[in-house]
Amino acid sequence: MKPQFCGTVTALPPDKSISHRAALIGAISTGETRIENFSAGEDNQSTLSALAQLGVQIQQEVSQTRSVVIRSNGLFDLKPSQTPIQCNNSGSTMRMLAGILAAQPFRSTLIGDDSLMKRPMKRIATPLAQMGAQLALSASDTAPIHIHGKKPLSPIAYQTPVASAQVKSCVIFAALHADGTSEISEAIQTRNHTETMLGLINPSSPEKPDKIKVRGLQPIDAKSFFVPSDPSASCFLIALALLSKSPELILKNVCLNPTRTGFLTILAQAGVAIQTDSVRTIGGETIGDLVCANASLQEPLRISDKALVANAIDELPMLAVLSSLATNKFELHRAEELRAKESDRISALVLNLQALGFICETFHDGFVVKGRKTVSNKKIHIQTFNDHRIAMSFGIASYFCDAELALDNPDCAAVSFPNFFSLIEGLKQL
Ligand code: S3P
């Protein structure tokens, strides 16, 4: 008998993307920024510790409200760090902070863990250099990133060449420090939290601007932010509910920003209806409850639309594992960006799915699962590559496989979801 998982989850991790941005915006605002429900995930703690290295005043209350208070005197209040700034596993910290450091009149060096030191950084170095900062990368265009900032930067007209919210946000952060108006656009829409939180767009307006206009050198008044639950974290629990045909699993207060809900669209296209409830807007972000009741995935997921790939980029590992387990089939194209994440997620998924017996074919930008053969091993080793989303995707799979799945580093889930395994155990009905 496979277990069932039901209940109401009120304590999903606060959104990782919004937590990063709230802290970074606080560091360049004038006054006291109060952030309610800041994520305890390791990535977000890396943003706080990096800012602390740069002299930012941060107070964190580890209470029910998980609030963080940041005090700053505005755009140019950071102090040089005597040591390289440690971003650990967090690409968002490194790329977005680089946009701010590019405008500070001192030298900085950004470093990370083994995974982050392999990820592409030219994508941010190019626009920041065009704005007047001096940057040096390694010979393979990765970190360490050495930045010699220029105060003020020059404004830029820039279209991001890769669908990346981190690159877009990096340029927006830099543009806030430029002596003129910058115009930033993207061919494919990515998550829009930075522009929403800075009041640069109206996210609920049907007429989406095709360019984000940023007037530089304008003081930003400190304000309060509330961080809703992370839709990327919710995807793992939805997969759990679908695979166990849960009578009811309710996820409270999830960020339902349309630039983040592509995974729900992908599931709906395959006939899975997840209901939303109590939908409202707080601080420009749509928030609501997700209800998954008596639903299961019957049709394989086939994903090839570039816009949906960008929208659901962090959910693709879980969707791939879900579709494979539920239907023995899955198809993904135009997702080459997955190779530039915390691990090469195309290779990591295929390797581990093959270990579970799935028959896969790999392309440069995706892969297909064509069927499954029986594997007689009682124990299957899963290589996480220390990638939180690979660990959690196969952590979910472990409840639905006959063999025991032994993950080499389950603890890396804490990068975005510190209590992942204990929360799931709490939902298990025996
Ligand atoms: C993020 C953007 C995405 C995503 C990452 C968080 C963000 O990365 O994969 O987990 O907060 O802006 P890219 O911008 O590299 O696509």
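Fair warning: this is a prediction, and the values are worked out from it, not measured in the lab. (Residues numbered from 1 in each chain as written. Predicted model: local features only at pLDDT ≥ 70, side-chain atom pairs only at ≥ 80, totals over all residues. Heavy atoms only, no water.)

> Help me understand the nonpolar core in this model?
A general feature of soluble globular proteins is that nonpolar side chains tend to end up buried together. Ranked by size, the top nonpolar core spans 76 residues in total, and within it Leu316, Leu319, Phe367 and Ile396 carry the most contacts. The greatest single-element share of this core, amounting to 10 residues, is contributed by helix H7 (residues 231-243). Other than its neighbours up to four places away in sequence, Ile396 contacts Phe236, Ala239, Leu240, Leu243, Met318, Phe420 and Ile424. Ranked by size, the runner-up nonpolar core spans 60 residues in total, among them Phe38, Ala103, Phe106 and Ala178. (Core = buried A, V, L, I, M, F, W, Y, C linked by side-chain atoms within 4.5 Å. Buried < 20%, exposed > 50% of the residue type's maximum accessible area, 1.4 Å probe, protein only. Helix = DSSP H or I, 4+ residues; strand = E, 2+ residues; numbered from the N terminus. Contact = heavy atoms within 4.5 Å.)

> Just to check I follow, could you spell out the sheet that holds strand E6 (residues 85-86) for this structure?
Pairing between the strands of a sheet is mediated by backbone hydrogen bonds and can be parallel or antiparallel. Ordered by their spatial adjacency, 4 strands build an open sheet running E6-E7-E9-E8, and the pairing between neighbours is mixed. Of all the strands in the sheet, the pair left with one neighbour each is E6 and strand E8 (134-136). Examined bridge by bridge, E8 and strand E9 (residues 145-148) share 3 bridges and lie antiparallel to one another. Paired with Ala136 across the strands is His146, a residue of E9. (Pairing = 2+ DSSP bridges.)

> What should I look at first to understand the pairing of strand E5 (residues 68-73) in this one?
Moving residue by residue along a regular strand, the side chains alternate between the two faces of the sheet. Here 6 bridges tie strand E3 (residues 30-36) to E5, and the two strands are oriented antiparallel to one another. Across the sheet, residue Ile35 finds its bridge partner in E5, namely Val68. As defined by bridge partners, strand E4 (residues 57-60) adjoins E5 across 4 bridges and the pair is classed as antiparallel. Residue pairing in the sheet places Gln57 in a bridge with Arg71 of E5.

> In this structure, what is going on with the layout of surface pockets? I would like to understand it.
A water-sized probe rolled over the atoms picks out the places where empty space is left. If you add up the space inside the largest pocket, you get close to 590 Å³. Going through the elements one at a time, helix H1 (16-27), helix H3 (91-101), helix H5 (165-175) and helix H9 (306-311) are the ones with two or more residues in the lining of the largest pocket. For the lining of the largest pocket, the per-class residue count stands at 10 nonpolar, 13 polar and 19 charged. Mapping the lining of the largest pocket onto the domain boundaries places at least three of its residues in each of domain 1 (16-226) and domain 2 (228-429). (1 Å grid on protein atoms, 1.4 Å probe; cavity = no way out; pocket = protein on both sides within 12 Å on 5 of 7 lines; lining within 4 Å. Points joined across faces, edges and corners; volume = space filled by probe spheres on them. Nonpolar A, V, L, I, M, F, W, Y, C, P; charged D, E, K, R; others polar. Domains from an automatic or database assignment.)

> I would appreciate a short explanation of the side chain of Thr384 in the present structure.
Structurally, Thr384 can be placed in the loop between strand E21 (379-382) and helix H12 (388-397). By relative accessible area, Thr384 is classed as buried at 0%. With sequence-adjacent residues up to four places away left out, Thr384 is seen in contact with Ile390, Ala391, Leu407, Asp408, Asn409 and Cys412.

> Where do I start with the domain arrangement of the chain in this structure?
Often, the extent of an interface is quoted as the loss of accessible area on bringing the components together. You can read the domains of the chain as domain 1 (16-226) and domain 2 (228-429). Residue-level contacts link 24 residues of domain 1 with 26 residues of domain 2. Looking only at domain 1, the three residues that lose the most surface to domain 2 are Lys16, Arg191 and Phe226, adding up to 28% of its buried area. Joining domain 1 to domain 2, the criterion identifies 3 salt bridges. Run the count over domain 1 and domain 2 and you get 12 residue pairs in polar contact (both at pLDDT 80 or more). Of the residues forming the side of domain 1 that touches domain 2, the biggest block, 3 residues, is contributed by H1. (Buried area = accessible area lost by both parts, 1.4 Å probe. Salt bridge = Lys/Arg side-chain N within 4 Å of Asp/Glu carboxyl O. Polar contact = N/O pair within 3.5 Å; in protein donor to acceptor, adjacent residues only side chain to side chain.)

> Looking at this structure, I do not really get the pairing of strand E15 (residues 275-282). What am I missing?
Both E15 and strand E16 (residues 285-292) contribute to a ladder of 6 bridges, which runs antiparallel. Within E16, the position partnered with Thr281 by the bridge is Thr286. Two successive antiparallel strands, E15 and E16, enclose a turn made up of 2 residues, where Gly283 displays a positive phi of approximately 55 degrees.

> What am I meant to see in the site of the ligand here?
Around the ligand sit 13 residues in total, of which Ser17, Arg21, Ser164, Asp314 and Lys341 are the nearest. Here an oxygen atom of the ligand sits 2.7 Å away from a polar atom, N or O, in the side chain of Lys341. For the ligand, the accessible surface in isolation is 380 Å², of which the surrounding protein chains cover 95%. With respect to the detected pockets, the ligand is housed in the largest pocket. Broken down by secondary-structure element, the contributors of at least two residues to the shell around the ligand are H1, H3 and H5. Of the residues forming the shell around the ligand, the biggest block, 3 residues, is contributed by H1. When grouped by side-chain class, the residues that make up the shell around the ligand number 3 nonpolar, 4 polar and 6 charged. In terms of domain composition, the shell around the ligand takes at least three residues from each of domain 1 (16-226) and domain 2 (228-429). (Near = heavy atom within 4 Å. Areas by Shrake-Rupley, 256 points an atom, 1.4 Å probe, with all protein chains shown as cover. Sits in = over half its atoms within 2 Å of the grid points.)

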